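Letter by letter, the chains look like this.
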Amino acid sequence: MSAANLTAKYRPKIFAEVAGQDAVKAILSRAAETGRVAPAYLFSGTRGVGKTTIARIFAKALNCETAPTAEPCNQCQHCRQITAGVAPDVIEIDGASNRGIDDARRLKEDIGYAPIECRYKVFIIDEAHMLTREAFNALLKTLEEPPARVTFILATTEAHKFPATILSRCQHYAFKMLPQPAIAAHLEKILGLEAVDFEPGAVQLIARRASGSVRDGMSLLGQALAFGEARLVEADVRGFLGLAGQDVFFALMEVLHSRDLPGVVRLLRQVLDQGLDLGFFLRELAGCWRNMFLLRQAGEAALPALELSAEEARAWMDWAGRFEPAYIHACWQMTLEGQRRV
Ligand SMILES: [Zn+2]
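The structure displayed is predicted, hence computed values, not measured ones. (Residues numbered from 1 in each chain as written. Predicted model: local features only at pLDDT ≥ 70, side-chain atom pairs only at ≥ 80, totals over all residues. Heavy atoms only, no water.)

*Asks:* Any chance you could explain the overall build of the protein chain here in plain terms?
*Replies:* Tallying secondary structure elements over the protein chain gives 16 helices and seven strands in all. Its C-alpha atoms give the protein chain principal-axis dimensions of about 75 × 45 × 40 Å. Counting only contacts in the protein chain whose residues sit at least 6 apart along the sequence, the fraction spanning at least 24 positions is 74%. With an accessible surface of roughly 17100 Å², the protein chain has 53% of that area assigned to carbon and sulfur atoms. (Helix = DSSP H or I, 4+ residues; strand = E, 2+ residues; numbered from the N terminus. Contact = heavy atoms within 4.5 Å. Areas by Shrake-Rupley, 256 points an atom, 1.4 Å probe, with all protein chains shown as cover.)

*Asks:* Got a minute to help me understand unusual backbone geometry in this structure?
*Replies:* Of all residues except glycine, most have a negative phi; of all peptide bonds, most are trans. Cis geometry is adopted by the peptide bond preceding P68, which originates at A67 and carries an omega value of 0°. With phi around 65°, N74 is a residue other than glycine that occupies positive phi space. On the secondary structure map, N74 appears in the loop between α3 (51–63) and α4 (77–84). Phi is positive for R259, close to 50°, though the residue is something other than glycine. Mapped onto the elements of the fold, R259 is located in the loop between α12 (246–257) and α13 (261–273).

*Asks:* Before we go on, may I ask you to explain a nonpolar patch on the surface in this structure?
*Replies:* A cluster of nonpolar side chains, namely L272, L278 and V342, defines an oily patch on the protein surface of about 250 Å² accessible area. Here L278 is to be found in helix α14 (residues 278–298). Judged by relative accessible area, which is 35%, L278 ranks as partly exposed. (Patch = residues over 30% accessible without salt bridge, like charges linked within 9 Å, V, L, I, M, F, W, Y side chains within 5 Å. Salt bridge = Lys/Arg side-chain N within 4 Å of Asp/Glu carboxyl O. Buried < 20%, exposed > 50% of the residue type's maximum accessible area, 1.4 Å probe, protein only.)

*Asks:* What is the right way to read the coordination of the zinc ion from this model?
*Replies:* Looking at the zinc ion, one finds its protein donor set to be C64 (SG), C73 (SG), C76 (SG) and C79 (SG), positioned 2.3 to 2.4 Å from the metal centre. Between the four donor atoms coordinating the zinc ion, the angles at the centre fall across 99 to 120°, so the site counts as tetrahedral. In the primary sequence, the donor residues of the zinc ion line up as C-x8-C-x2-C-x2-C. Per residue, the accessibility class of C76 equals that of C79, and both read buried. (Donors = N, O, S within 2.8 Å, 3.2 Å for Na, K, Ca; no water. Tetrahedral: all angles 85-135°; square planar, octahedral: opposite > 155°, others 65-115°.)

*Asks:* Sorry if this is basic, but what is going on with helix α8 (residues 180–193) here?
*Replies:* Here α8 spans 20 Å end to end across 14 residues, near enough to the 20 Å set by a 1.5 Å rise per residue. Where α8 is concerned, the buried positions are Q180, I183, A184, H186, L187, I190 and L191. Take α8 and look down its axis: the buried residues cluster within an arc of 160°, on one side only. The outward face of α8, more than 90 degrees from its buried face, is lined by the exposed residues G192 and L193. Once α8 finishes, A195 follows within two positions and takes phi at roughly 55°, a positive value. (Expected span 1.5 Å × (residues − 1). Arc of directions from axis to C-beta.)

*Asks:* Would you explain the sheet that holds strand β1 (residues 40–44) in this entry?
*Replies:* Strand pairing in a sheet relies on backbone hydrogen bonds. The paired strands run either parallel or antiparallel. Spatial strand order, β2-β3-β4-β1-β5: five strands in an open sheet with parallel pairing. Pairing within the sheet leaves two strands with one partner each, and these edge strands are β2 (90–94) and β5 (171–174). Across the sheet, the mean angle from the axis of one strand to that of its neighbour is 15°, orientation sign disregarded. Note: strand β3 (residues 121–126) against strand β4 (residues 150–156), five bridges, orientation parallel. Its bridge partner being in β4, I124 is matched across the sheet by I153. (Pairing = 2+ DSSP bridges. Axes fitted to C-alpha atoms, helices over the stretch in contact; angles between N-to-C directions.)

Shown next as structure tokens:
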């Protein structure tokens, strides 16, 4: 199965299926159930954390033929139209696309009209910070005297770019990046449904690379499964992600500790020759220094926060003890600086 198919197949259709964002899901589900709907919502957060997915589910819950309801049925005509993107009263606008200007015009024209078929007219505006000034003004004018049964959902990765006049009229929800265990749990659930056997380490690698984004995690899982192996194993995933295994970092500590400069150069050459992504390598390395710093300062008390396997924990505890805290801290800061330049 291709990556796109896997993502489409498991796109959540009800709040309960969305990974993470528990507080937002609970509030919106309750709003749909009670009919206490705000004129405008602002969903902010990094890419791939469920902003538009939750917006569409909310639009369905508001307009489902079983409404008022906490979850959409996904069977009725309105639900199916919204899923297919053809509902006349649920209007999706992509602020970032070239179509944005036409969409903004449509926004201005549509904005004052009551819903045609559905209970609520819902505007879902993705990358809303990129709307034109003209569109913003139309939006603001509407929000000053919000029409009944119309709601706006503004999704953005950059909430700070919104004028205060708009912000003050929105219910603002900050979507969180998902912690690695939550992404791993989600991926394991999908693997279970796909009846694919897996090594937990393989899933952890994908979850780590996803860096808080469920969408990236699903996309990587789809790519990993596209090879069609019967079992998802750690070594294969490492190969396909171009991941530096922990071994590379332990080897790096070894040459640094023995002040073997040619050894450091040789090792980095190897990393690049393997085609490892430098940005990822530096991010992982910064994580190693951070872990060592915390372990050096707080000892075992720091372990629960670090999400390490027992074996890794032992190894990093050992390495942390072999460097001075100031040295670890300096290396950590230099690695972060390097990361910023990549
Ligand atoms: Zn329905």
